[in-house]
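Remarks on the overall topology
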Amino acid sequence: PFGVNVPLLYPDIEKLMNIIVEEGVKIVFTSAGNPKTWTGFLKERGIIVVHVVANTKFAMKSEEAGVDAIVAEGFEAGGHNGREETTTLVLIPSVCDAVKIPVIAAGGIGNGRQMLAAFALGAEAVQVGSRFVASLESSAHDAFKQAVINSNEGDTKLTMKQLVPVRLLKNKFFEEIQAAELRGASPEEQKQILGRARAKKGMFEGDMNEGELEIGQVSAMFDEILPAGDIARNMMVEFSAQREK
């Protein structure tokens, strides 16, 4: 069994949803759009739907739309982020208090201690992204994986706030788009600087200067590339040990 993550702003979204149904996918994580648009379509076909949010307002709207669970993603997370810049420590208990369906915590979670903290805040599961970028099985380019494990505190920052806020590793492209943002460049000019396939160029093709390098703050805690299975086992061992203390 496998799940599929579908940002709802993707082009050809109807075609993608039909492929998901045809291939018998059992669980879909949606994000970056209105959950009302596709939740009913998927659930009518026996698919579990989870929607990603960055604030309490949209968590409640997602519950109203009929999703089965919510991913509440804090400001620490890599990639596309919430405009409110609410941290995981604040967001998770707020969302848990606002909805009755299960909440999955995301943003700044890369080890068992952080997983236990998320559970203490009310989450019933965690979603881990950045740690698995630095895994042997990850489709990320080796140069990007090395940049992730070599990163330190402060090496990521949220930028492109006038477009869609994105947390990036600092590099030549980051400095260019950040400078444009600080001098008041219009969203149109920033889109022109961003261009097309910038994330693919960085994360998957390994251009460490001109590519868009999306990763979370927690990357500063990683120091080695491991098999995905070892990462999961290490998290569970640490989680269990901390819980018993």
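So, a few notes on the structure that sits alongside this text. In this numbering scheme, every chain counts its residues from 1 along its sequence in written order. The predicted origin of the model limits local features to residues at a pLDDT of at least 70 and limits the giving and counting of side-chain atom pairs to 80 or more, whereas totals for whole chains, interfaces and linings rest on all residues. Note that water and hydrogens are dropped before the side-chain values are worked out from all heavy atoms of the structure.

Section: the sheet that holds strand S5 (residues 79-80)
With antiparallel pairing, three strands are arranged side by side in an open sheet as S5-S9-S8. Lying at the two open borders of the sheet, with one neighbouring strand each, are S5 and strand S8 (156-159). Strand pairing is assigned whenever DSSP identifies at least 2 bridges connecting the two strands. Helix and strand labels come from DSSP, where a helix needs a run of H or I of at least four residues and a strand needs a run of E of at least two; each type is numbered from the N terminus. Two elements, S5 and strand S9 (residues 166-169), share two bridges in a ladder whose sense is antiparallel. Considered in S9, the bridge of His-80 is made with Val-166.

A short note on the pattern of salt bridges
A carboxyl oxygen of Asp or Glu within 4 Å of a side-chain nitrogen of Lys or Arg is what we treat as a salt bridge. Tallied over the entire structure, the rule returns eight salt bridges. Here Arg-45 ties to Glu-44 by a salt bridge, and the two come within 3.6 Å at their closest N and O atoms. Judged by relative accessible area, Arg-45 falls into the partly exposed class, the value being 42%. Summary of the burial criterion: residues with accessible area below 20% of their type's maximum are buried, those above 50% are exposed, and those between are partly exposed, where the area comes from a 1.4 Å probe applied to protein chains only. By relative accessible area, which is 65% here, Glu-44 ends up exposed.

Some words on the packing of helix H3 (residues 56-65) against helix H4 (residues 88-98)
The axes are straight lines fitted to the C-alpha atoms, using for helices just the contacting stretch, and the angles between their N-to-C directions are given from 0 to 180°. H4 packs onto H3 with a crossing angle of 35° between their chain directions and a minimal axis gap of 9 Å. The chirality of how H3 crosses H4 is right-handed. Facing Thr-56, Ala-59, Met-60 and Glu-63 of H3, the residues of H4 in contact are Leu-91, Ser-94, Val-95 and Ala-98. Should the near helix be turned counterclockwise from the far one by less than a right angle, the crossing is left-handed, whereas a clockwise turn marks it as right-handed. By definition, residues are in contact when any of their heavy atoms lie within 4.5 Å.

Some thoughts on the packing of aromatic side chains
A pair of aromatic rings is counted whenever rings of Phe, Tyr or Trp (Trp by its six-membered ring) have centres within 6.5 Å, and the orientation is called stacked for planes under 30 degrees apart, edge-to-face for over 60 and tilted otherwise. Here the structure, examined in full by the defined rule, presents two aromatic pairs. On the numbers, 5.1 Å between centres and 85° between planes, the contact of Trp-38 with Phe-41 is edge-to-face. Only when the NZ atom of a Lys or the CZ atom of an Arg is both within 6 Å of the ring centre and within 35 degrees of the ring normal do we say a charge sits over the ring. The ring of Phe-41 carries the charged tip of Arg-45 above its face, separated from the ring centre by 3.9 Å.

What to know about the environment of Leu-226
Tracing the backbone shows Leu-226 in the loop between helix H10 (198-204) and helix H11 (228-243). Residue classification places Leu-226 among the buried residues on the basis of a relative accessible area of 14%. Setting aside residues no more than four positions away along its own chain, Leu-226 makes contact with Arg-131, Ala-134, Ser-135, Leu-136, Glu-137, Ile-231 and Asn-234.

With respect to unusual backbone geometry
Here Glu-85, not a glycine, exhibits a phi torsion of approximately 60°, which is positive. If you trace the backbone, Glu-85 turns up in the loop between S5 and H4.

Here's the deal with the sheet that holds strand S2 (residues 27-31)
As summarised here, the arrangement of the six strands in space is S1-S2-S3-S4-S6-S7, forming an open sheet in which the pairing is parallel. Of all the strands in the sheet, just strand S1 (3-7) and strand S7 (125-127) have a single pairing partner and so form its edges. When the angles between neighbouring strand axes are averaged without regard to direction, this sheet yields 25°. When S1 meets S2, the two strands line up parallel, connected through five bridges. Looking at the pairing, Val-6 lines up with Thr-30 of S2.

Concerning the pairing of S9
Consecutive side chains of a regular strand alternate in pointing toward one face of the sheet and then the other. Here S9 shows two buried faces, one formed by Val-166 and Leu-168 and the other by Arg-167 and Leu-169. Linking two consecutive strands that pair antiparallel, namely S8 and S9, is a turn of six residues; a positive phi of about 55° is found at Met-160 within it.

Quick look at the environment of Glu-44
As for its placement among the helices and strands, Glu-44 is situated in the loop between helix H2 (39-43) and strand S3 (48-53). Spatially, the C-alpha atoms of Glu-44 and Val-4 are 17 Å apart, while their sequence positions differ by 40 residues.

Some thoughts on the nonpolar core
Nonpolar cores are built from buried Ala, Val, Leu, Ile, Met, Phe, Trp, Tyr and Cys residues. Side-chain atoms within 4.5 Å join them into one set. Counting 32 residues, the largest nonpolar core has Met-17, Ile-20, Val-28, Leu-42, Ile-70, Val-95 and Val-99 as its most contacted members. Sorting the residues of this core by element identifies helix H1 (13-22), H2, S3, strand S4 (69-73), H4, strand S6 (103-106), helix H5 (112-120) and H11 as the ones contributing at least two each. Looking at this core element by element, the count peaks at four residues for H4. What Met-17 contacts, discounting residues up to four positions off in sequence, is Val-6, Leu-8, Thr-30, Trp-38, Phe-41 and Leu-42. Grouped together as the second largest cluster of nonpolar side chains are 13 residues, Ala-134, Val-148, Ala-199 and Phe-222 included.

Let's talk about the pairing of S6
Alternating residues of S6 divide into Val-103 and Ala-105 and Ile-104 and Ala-106, and every residue in both groups is buried. Here four bridges tie S4 to S6, and the two strands are oriented parallel to one another. Note that in S6 the partner of Val-71 across the bridge is Ile-104. Relative to S7, S6 runs parallel, the two being bridged by three bridges. Directly across from Ala-106, in S7, lies its bridge partner Gln-127. Since S6 and S7 lie parallel, the crossover through H5 that links them has a hand, and here it is right-handed. Whether a crossover is right-handed comes down to one check: with the strands pointing away from the viewer, does the path from the first strand over the helix to the second run clockwise; if it does, it is right-handed.

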